[in-house]
Amino acid sequence: MSTQGLDEFAGWVEGLMRQRGYDIDSPRGGGKSRIADEAGVHRAAVTRLLQRQSMPDLETMRRIAPLLGVSVRDMLIRSGRVTPEELPMAADLLPPSDWQPSMEDFARWLGVPDERMGVFVKVVTQFLEPDADAADAGEAVEPRRTARD
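Small disclaimer: the values here were computed from a predicted structure and weren't measured. (Residues numbered from 1 in each chain as written. Predicted model: local features only at pLDDT ≥ 70, side-chain atom pairs only at ≥ 80, totals over all residues. Heavy atoms only, no water.)

Q: Quick question: what am I supposed to make of the pattern of salt bridges here?
A: Pairing between side chains of opposite charge can happen when the charged atoms of each approach one another. Summed over all chains, the structure comprises 8 salt bridges. Between R34 and E38 there is a salt bridge, with its nearest N and O atoms 3.1 Å apart. Here E38 and R34 lie together in helix α2 (residues 31-39), a separation of 4 residues that amounts to about one turn. Salt bridges linked by common partners bring D7, E14, R18, D25 and R52 together as one network. (Salt bridge = Lys/Arg side-chain N within 4 Å of Asp/Glu carboxyl O. Helix = DSSP H or I, 4+ residues; strand = E, 2+ residues; numbered from the N terminus.)

Q: Could you clarify how one ought to interpret the packing of aromatic side chains in this entry?
A: Remark: the centre distance and the inter-plane angle together describe each pair of aromatic rings, the angle taken between the planes. Counted under the stated rule, the structure contains 2 aromatic pairs. With a centroid separation of 5.9 Å and 45° between ring planes, the pair formed by F9 and W12 is classed as tilted. On the criterion of helical spacing, the pair formed by F9 and W12 is a turn pair, its members being 3 residues apart in helix α1 (residues 3-19). The buried category is assigned to F9, whose relative accessible area is 1%. You can call W12 buried: its relative accessible area is 17%. Ring plane angle 90° and centroid distance 5.1 Å describe the contact between F106 and W109, whose orientation is recorded as edge-to-face. Pair noted here: F106 and W109 are both in helix α7 (residues 103-110), with a separation of 3 residues, about one helical turn. With relative accessibility at 54%, the residue W109 sits in the exposed group. (Phe/Tyr/Trp six-rings, centres within 6.5 Å; stacked < 30°, edge-to-face > 60°. Buried < 20%, exposed > 50% of the residue type's maximum accessible area, 1.4 Å probe, protein only.)

Read these as layout, nothing more, since geometry by itself doesn't imply function.
Given below as structure tokens:
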């Protein structure tokens, strides 16, 4: 980590601390101790960051981020430890909202081998669709009984 990178990150964190009402500027303001106590980290970790001596470790970032109103992802990217491409947003990994998974998709997620895919789909579909003969006759469809019933 370059000195410039540490300085930029520390400046960003300082701004967030001030925005959240932590008095980190006056010697007796108590802001550094308060944020350390609330985050459950050592005061020295907060002090070293604000004095541009060292970058906080992952656990410290994980604990401080919620207090500052940012995600751990944002802290890691701002710190220079990862790029946005290396740590994509969860929404970027989700399928479109109108996508309906198929039985084959569920089978893949469950680890069903390709050679058993057809059998899986046929069996599961039978449980999900009402009994076609009874539905055609207008009868109420009752759940199938098992040996335990």
